Amino acid sequence: MAKKKSKRDQQHAEPKAAPPAADDHGDETDLQQHATGDERFQPCATLVGVGASAGGLQALSELLIHLAPNAGLTLVVVQHLAPKHPSALSELLSAKTPLPVIEAAEGMTLEPNHVYVIPPDRQMAVQQGKLHLTPRPSDGRQHLPINYFFRSLADDCGNKAIGVILSGTASDGAEGLREIKSVGGIAIAQDPETAAYDGMPQAAIATGVVDLVLSPQAIAAELLRLARHPYVSRRLPRRPGEEFAVNDDQMGRMFLMLRTSSGVDFSQYKQPTIKRRLQRRMALHKFSTAEQYLRYLQQNAGEVKLLYQDMLINVTRFFREPDSFEALRKVAFAKILENRGTEGPIRVWVPGCSTGEEPYSLAITLLEYLGDQASSVPIQVFATDVSEAAIQTARTGTYPASIADDVSPARLLRFFSKVDGNYRISKAVRDMCVFARQDVTRDPPFSRLDLIACRNVLIYLGPSLQKRLMSVFHYALRAQGFLMLGSAESVGPLADLYKVVDKRHRIYSKKITMPQFEMDFRPAAGGPSLARLPRKGTHEPPSVAHVQAEANQVLLSRFAPAGVIVNAELQIVQFRGQTGAWLEPAPGEASLNVLKMAREGLLYGLRTALHEARESQTTVRKVGLKVKADGGQRDVNLEVIPLAIDEEPRHYLVLFEDPGAGSPAAAAPAQPPEIQQPDEQKVSRLQQELAASREYLQSIIQELEAANEELQSANEEILSSNEELQSTNEELDTAKEELQSTNEELNTVNDELHGRNEELSLVNSDLVNLLHNVQIAIVIVAMDLRIRRFTPMAEKVLNLIPSDVGRPISHIKPNIDYSDLERMISDVIERTEPQARDVRDLQGHWYSLRIRPYKNMENRIDGAVLALFDIDAAKRYTTDINDLRLFAEGVVDVVREPLVVLDGERRVRMANRAFCTLCGVAQADVMGKALIEIADGQWNDPAIRDLLAKLSERDEPIEGFATELRAGGGRRPLLLNGRRIAGEHPGSVRYLLAVHPTEG
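Please read these numbers as outputs of a predicted model, since none were measured by experiment.

Analysis parameters
Residues numbered from 1 in each chain as written. Predicted model: local features only at pLDDT ≥ 70, side-chain atom pairs only at ≥ 80, totals over all residues. Heavy atoms only, no water. Helix = DSSP H or I, 4+ residues; strand = E, 2+ residues; numbered from the N terminus. Expected span 1.5 Å × (residues − 1). Buried < 20%, exposed > 50% of the residue type's maximum accessible area, 1.4 Å probe, protein only. Arc of directions from axis to C-beta. Polar contact = N/O pair within 3.5 Å; in protein donor to acceptor, adjacent residues only side chain to side chain. Axes fitted to C-alpha atoms, helices over the stretch in contact; angles between N-to-C directions. Parallel < 35°, antiparallel > 145°, perpendicular 65-115°, else oblique. Contact = heavy atoms within 4.5 Å. Nonpolar A, V, L, I, M, F, W, Y, C, P; charged D, E, K, R; others polar. Disulfide = S-S within 2.5 Å. Pairing = 2+ DSSP bridges. Salt bridge = Lys/Arg side-chain N within 4 Å of Asp/Glu carboxyl O. Phe/Tyr/Trp six-rings, centres within 6.5 Å; stacked < 30°, edge-to-face > 60°. Lys NZ or Arg CZ within 6 Å of the ring centre and 35° of its normal.

**Focus: helix 29 (residues 942-953)**
The end-to-end C-alpha distance of helix 29, which contains 12 residues, comes to 17 Å, matching closely the 16 Å that a straight helix rising 1.5 Å per residue would cover. By the burial criterion, the buried members of helix 29 are I944, L947, L948 and L951. Down the axis of helix 29, the buried side of the element spans an arc of 95°, and every buried residue falls inside it. Of the exposed residues in helix 29, those oriented more than 90 degrees away from the buried face are P942 and E953.

**Some details on the side chain of R347**
Note on placement: R347 falls in strand 10 (residues 346-351). A polar side-chain atom of R347 sits 2.9 Å from a polar atom in the side chain of Q380.

**Details of the packing of helix 4 (residues 145-157) against helix 5 (residues 174-182)**
Between helix 4 and helix 5, whose axes approach to 8 Å, the crossing angle comes to 5°. As the angle between them shows, helix 4 and helix 5 are arranged roughly parallel. Of the residues in helix 5, those touching helix 4 at N147, F150, R151, L153 and A154 are A174, E175, G176, L177, E179 and I180. A per-class count over the contact of helix 4 with helix 5 returns 6 nonpolar, 2 polar and 3 charged.

**A closer look at the state of the cysteines**
In the structure shown here, the tally under the stated rule is 0 disulfides. Here C353 is not cross-linked by a disulfide; its sulfur's nearest cysteine counterpart is in C433, at 9.2 Å. A relative accessible area of 1% places C353 in the buried class. Sulfur of C916: no disulfide; nearest cysteine sulfur belongs to C919 and is 7.1 Å away.

**Re the sheet that holds strand 23 (residues 632-642)**
The strand order 21-20-24-23-22 describes an open sheet built from 5 strands, whose pairing is antiparallel. The two strands at the open ends of the sheet, each matched to only one other strand, are strand 21 (572-576) and strand 22 (620-629). The mean inter-strand angle of the sheet, taken between neighbouring strand axes irrespective of direction, is 25°. Here strand 23 runs beside strand 24 (residues 652-657); their pairing, made up of 6 bridges, is antiparallel. Bridge pairing in strand 24 places V640 opposite V654. Lying over the sheet, helix 22 (residues 603-616) contacts strand 20 (562-566), strand 22, strand 23 and strand 24, oriented at roughly 160° with respect to strand 22.

**Some words on the pattern of salt bridges**
On inspection of all chains with the given rule, the structure shows 33 salt bridges. Among the ionic contacts, a cluster of salt bridges with common partners joins E326, R329, E368 and R411.

**What about the packing of aromatic side chains?**
In this description, a pair of aromatic rings is defined by centroid distance and the angle of the planes. Throughout the structure, instances matching the rule amount to 18 aromatic pairs. Pairing F266 with Y308 gives two aromatic rings, centres 6.2 Å apart and planes at 65°, and the pair type is edge-to-face. Of this pair, F266 sits in the loop between helix 9 (248-262) and helix 10 (271-284) while Y308 sits in helix 12 (residues 301-311); the two residues are 42 residues apart in sequence, bridging distant segments of the chain. For the pair shown, F266 and Y308 are each scored as buried. Ring geometry for F416 and Y423: centres 6.3 Å apart, planes at 80°, overall edge-to-face. As far as the burial class goes, F416 and Y423 line up, both buried. Among the aromatic residues, ring-to-ring pairing joins F318, Y360, Y399, F416, Y423 and F435 into one connected group. The ring of F869 has R850 lying over it, and the distance from NZ or CZ to the ring centre is 4.7 Å.

**Some remarks on the sheet that holds strand 13 (residues 416-419)**
Strand order in the open sheet formed by 3 strands is 12-14-13, with antiparallel pairing between adjacent strands. Both outer strands of the open sheet, strand 12 (398-399) and strand 13, are each paired with one neighbouring strand and no more. Across 4 bridges, strand 13 lies against strand 14 (residues 422-425) in antiparallel orientation. Considered in strand 14, the bridge of V419 is made with N422.

Rendered as structure tokens:
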């Protein structure tokens, strides 16, 4: 491939499909093993896989020349080599670096500061720090050794893996870099401008997972820096407080920035994986502390988007874990068809669909299972993902040639088409799948689904989100619907909602039961609302009303009796004046009930007065009450006044008057304790209190009985209403959930249609611009010969106007002299064979009329295309040439001097009458014959042959060449004039001879 000269950025955003990589759950296992002191697991050293092909030797040499010999790196070079010839790559690279360069062998242990080179005719993988070699595939599959090694590198080294793609053709290594990126490794590609062949670097960059695009020299410097960075070089996880650690506060700030930028809340995702993604971005930007990187995030909005994309890495492949798809065939598809009904479609949902490989794989598997029934069973595959970039890739349906590793040749032939070196999913499969952006943790789900395939998404979510999704999936599935999870996932605490169908492949069926908690599909708030704060520092000047209110307050406090305002429940709502002599807080739980706060001696009178006032709604007064205070007793008159306010509940004013005080402003001192009191007075007072208590108690009993009856009746009504409301609420909840699901489906379809409309608009714009700029008269007609579209040139040539669109072409009188145009178009449509004619317009201008059948996307005939090509100049040139030839022949024929024209092989091409008379032969007898053969060899003379040789060697004419012609047994003297006439090519050379007979 030719080297391109396009400038590329140093950073590239990565597309995503599912939450972080499916294989990244190994990180948590690593941490657990370290924490328990398991010495069996040893993370590998910094291992760099380098892939190259054509032009790779130059790039590898430059990389090794600038690589420090003590960097502590292990380089494994995977080069495309000839399978049948020994390789000298290790010897060539040894001359460029002091590092040992070794050709790999089976079971070889990797050591730091070494370079290992793949041998010919082998595939190579790394496992537990050792190299393993296998023969290259012999079953016709494409040999992609770089992808093969990079995948094993990602599995073995995780985030310590570094993949580098150098010069080469095709696209090997692109998918391998995706695998390395998925586990948190670093992906690097050579700058295409510095590559001898930019095919492999360009293919890697096109995946969107490449972190750095550098020259080989810059790659060497970056590898040295990465080898020393804690993210790659650390042997064990750092403890909190050590360098490169990330605390909860820093994580919270990062989550806030991500949620503000993308709308996705990562705080409920599993933290180890999220921290590893954060630390990876820190390594790329050369930050050693989280605080430095967070400050960088705050100042660079673009980096927030890149971090978001890094959290959502695409790790999917076609038919990943093929046994799972086979298990679906055996245990699920038959049941789905039984439960489908007669006309309903099969509905499938793939949350976290990434770039579309999973939903397309499911659709293909369903089509293969249905076989001949596929045309009669509609299939709907809803595929959603939180990444808009991944959804756009899925909608395009175009994938690199490397998918041949995962898709069988038969499936490639049936369900894909080859386009520009890539594979595009067929239209039949594409139309089954609807792609839309959706946050499955927040947005409403689909409903009435037969199958949900949610693989390798739950492993990145916290327990609360996992529990929520299991309940969401239970709601979305129809009765006996199926749920398929990833190999490391399970239904967890909601196992009572699902029945295990295939434990090994994590396939479950729905149980008919109610979810354990409510599902709230309201969108998350964009951020906390700001409270309205009171204004400070603003003072209004006092008004007359304010002054009067203050004066009233002074008068009331000095001369009005103390009191309280209570509501219908006897709760104090306002204190007026000093009420401490009659009310005090009761011990225990705080309460403002006026009866609980009444001092000893006041309770029975206060309770009776309040009861009477509430019943009669009139003022009630009690006098002569004695209240115990300060070790003695004091007299008090009590008055309860209903407040005349037209609203419910009513309020009451309770006033306390001291009968012995001249002014209510000062409370009278308590009477000293009585030394002695007559028994009669005590008995009388006690009888009065007892009578009042009995009266009050009787009224309370009557009120209680009435209240109980009302409460019992109300309770029965409430129970009945509650049942109705509960039933109505359940119906509303069901209707709400159905409406939300339907709305989500409509939104999804709307997104899909919007995407297709944009594609159609772009295609239509391209077509309009093409037709307006092409200088050819083109007319497109439908099956009924009505004009659909034409170019501006057709307006001039065929005498068309814009309003002719939609009219039959037979109603148009074209500006060409051809009356059988309609029949010719009909023949092309019926026979599907193109036709061509040369026609003239009314001004005599010549055109080539070509009519071809018009085929739609389904390869069906849907009209015809007429094209008129201007051939007037060529036509007139041919006519002029013919005229000139006839003129020249006429001139030669009438000249009295003998003339003959020979071709390059000395054969006669033209001879006039005088020449034939001289030779005594007829014109028909000399045409096409060699000169020396005519007239019985009269011209077979050495001198004449010498003359012809001179004419062929030079362009100068020969004049007055004397010779003799044998005729009738004698010789006749002649003078010959000759000239060489050169044509456009060697085969068109001509020789002109003029013969002048002379007298001896």
